[in-house]
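Here is how the chains run, residue by residue.
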Amino acid sequence: MISIIGIVVIFVMVFGGYLAAGGKMGIILKSLPYEFTMIGGAALGAFLLSNDSAAAKKTVKDLGKVFKGPIWKADDYRDLLCLLFELIRLARSNPVGLEEHIEDPAASSIFGKYPKIQKDHEAVDLICDTLRSASMNYDDPHQVEEVLEKRMDATLHHSLHSSHALQTVADALPALGIVAAVLGVIKTMGSIDQPPEILGKLIGGALVGTFLGVFLAYGLVGPFSGKVKSVIEEDSHFYLLIREVLVANLHNHATNICIEVGRQNMPHHHRPSFTELDEALSVIKKESA
C-alpha cells in the first residue's frame, strides 16, 4: 500500500506543481505516446539485450515485491524457530529418527506443521543439508559456518540480479531521453521556416523526451530497483537465522540456547518477546510429551 501511495504522490506533486505554475498538459499529452515509444522501447530492448530469458522473467516477477513487500513475516520467523527447535531436539534424542525428516522433508510430519517454510526450497535445503552434514561428523562449527556463509552470499548475489538489472535501466533512461530529444530537435530543424508558435510546440515536444527519461529514471525505475533490493535483503535475514541457530547447535549449546541465539539475531521488528517464544515452544513440548 505504501508503495502505491508513493507513486501517487510522485505524479501528483510533479504534474500538480507543473499545472499550478501555469503549465499546460496539452503539449505533453500530444508528444507523450511518441516519446514513450522511443524511450520505453529502447529501454526494453536494452534490458532484453543485457539479460537472458530467465533473468528477464525473474526481474518481471520480482517487480511484485515492490507492492507485496517481504515474503517472511513475524509469524514465519517464530515458526522457523519452532521448527528448528523440534529438529535439533530430535537430532539429539534420536539421530536415526531425524533421517526420515531431512531425507524427505516433503513427507515430514515436522516440516508439515509449517507449510510455508516447507514450500521454500532454499530454506528446507539449507536446514536439511546442514543437519545431514552434522550427522556425518562434519561438525567443525567454524568450517560449517564458512560453508553456509559462502552459500548464502552466492544466493543473495543471484537474488539481487533483478535489482541490478532495473538499476541499469534507470541509469540508461536519462541518456535515452536525450536521444529522443535530439530526434525532436532534428524534426524541429526540418520545420525551421514555420512561424514561432509552431516552432515553440515542436521544441516543447522535443523537451518532453528529456523530461520523460529523467522522470522515469529517478521517479519510478530507480526507486523500484531500490525497493526490490531492500525487500530481498530483508528476506535474507530469514536464512541467516537458520545459519545462526544451526551453528550454535554444532557448538553443542543447549537447545533452548540455540533458539535464543536465533531470536536475538532476528530483525527487531520481527522478534518475538522471550515470553511469546517460550509459550510457543511449550506447546511443542506438550504435543511431543
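What you see is a predicted model; the values in this text were computed from it and never measured.

**Digging into a positive patch on the surface**
Okay, step 1: Together, Lys24, Lys30, Lys187 and Lys201 give the surface a local cluster of positive charge.
Okay, step 2: Considering the arrangement of structural elements, one finds lysine 30 in helix α2 (residues 26–50).
Okay, step 3: Since its relative accessible area comes to 64%, lysine 30 is described here as exposed.

**Thoughts on the packing of aromatic side chains**
Pairs of aromatic rings are described using the distance from one ring centre to the other and the angle between the two planes.
Okay, step 1: Under the criterion given, the structure shown has ten aromatic pairs.
Okay, step 2: An angle of 80° between the planes, with centres 5.3 Å apart, marks the rings of tyrosine 77 and phenylalanine 238 as edge-to-face. With a gap of 161 residues between them, tyrosine 77 in helix α5 (residues 74–93) and phenylalanine 238 in helix α11 (residues 196–250) connect regions that are remote in the sequence. Like tyrosine 77, the residue phenylalanine 238 is buried in the burial classification.
Okay, step 3: Seen in terms of ring centroids, phenylalanine 238 and tyrosine 239 are 5.9 Å apart; in terms of plane orientation they differ by 85°. Their pairing is edge-to-face. Comparing phenylalanine 238 with tyrosine 239 shows no difference in burial state: the two are buried.

**Considerations on the pattern of salt bridges**
Okay, step 1: The tally for this structure, following the rule as stated, stands at twelve salt bridges.
Okay, step 2: Linking aspartate 76 and lysine 116 is a salt bridge whose minimum nitrogen-to-oxygen distance equals 2.7 Å. A residue pair is termed long-range when its members are at least 10 positions apart, and aspartate 76 in helix α5 and lysine 116 in helix α7 (residues 115–118) qualify at 40 residues.
Okay, step 3: Residue arginine 243 is joined to glutamate 244 by a salt bridge in which the shortest nitrogen-to-oxygen separation is 2.8 Å.
Okay, step 4: Looking at glutamate 244, the relative accessible area reads 19%, which means it is buried.
Okay, step 5: Connected through salt bridges with shared partners, the residues Glu103, Glu122, Asp129, Arg132 and Arg151 form a single ionic network.

**Overview of helix α10 (residues 161–189)**
Note: α-helices contain 3.6 residues per turn, so residues at a spacing of three or four share the same orientation.
Okay, step 1: Between its first and last C-alpha atoms α10 spans 42 Å; for 29 residues at 1.5 Å apiece the expected length is 42 Å, and the two agree.
Okay, step 2: Within α10, the axis deviates most sharply at leucine 173, by approximately 35°, and proline proline 174 lies no more than four positions further along.

**Description of a nonpolar patch on the surface**
Okay, step 1: Taken together, the side chains of Met1, Ile4, Ile5, Val8, Val9, Val12, Met13 and Phe67 present a nonpolar region at the surface, about 780 Å² in accessible area.
Okay, step 2: Here the element with the most residues in the nonpolar patch is helix α1 (residues 2–20); it accounts for six residues.
Okay, step 3: Tracing the chain through its elements places methionine 1 in the segment before α1.
Okay, step 4: Since its relative accessible area comes to 68%, methionine 1 is described here as exposed.

**What to know about the packing of α5 against α11**
Okay, step 1: Look at α5 against α11: their axes get within 11 Å of each other, and the N-to-C directions meet at 20°. When the interaxial angle is binned, α5 and α11 end up roughly parallel. Note on packing geometry: the crossing formed by α5 with α11 is right-handed. Residue-level contacts link Asp76, Tyr77, Leu80, Leu81, Leu84, Ile88 and Arg92 of α5 to Glu234, His237, Phe238, Leu241, Ile242, Val245, Leu246 and Asn249 of α11.
Okay, step 2: Residue composition of the contact of α5 with α11, by class: ten nonpolar, two polar and three charged.

Cut-offs applied
- Residues numbered from 1 in each chain as written.
- Predicted model: local features only at pLDDT ≥ 70, side-chain atom pairs only at ≥ 80, totals over all residues.
- Heavy atoms only, no water.
- Patch = residues over 30% accessible without salt bridge, like charges linked within 9 Å, V, L, I, M, F, W, Y side chains within 5 Å.
- Areas by Shrake-Rupley, 256 points an atom, 1.4 Å probe, with all protein chains shown as cover.
- Salt bridge = Lys/Arg side-chain N within 4 Å of Asp/Glu carboxyl O.
- Lys, Arg positive; Asp, Glu negative; His and termini not counted.
- Charge placed at Lys NZ, Arg CZ, Asp CG, Glu CD.
- Helix = DSSP H or I, 4+ residues; strand = E, 2+ residues; numbered from the N terminus.
- Buried < 20%, exposed > 50% of the residue type's maximum accessible area, 1.4 Å probe, protein only.
- Phe/Tyr/Trp six-rings, centres within 6.5 Å; stacked < 30°, edge-to-face > 60°.
- Expected span 1.5 Å × (residues − 1).
- Bend = angle between axes of the 7 residues up to and from the residue.
- Axes fitted to C-alpha atoms, helices over the stretch in contact; angles between N-to-C directions.
- Parallel < 35°, antiparallel > 145°, perpendicular 65-115°, else oblique.
- Left-handed = near helix turned anticlockwise from the far one by under 90°.
- Contact = heavy atoms within 4.5 Å.
- Nonpolar A, V, L, I, M, F, W, Y, C, P; charged D, E, K, R; others polar.

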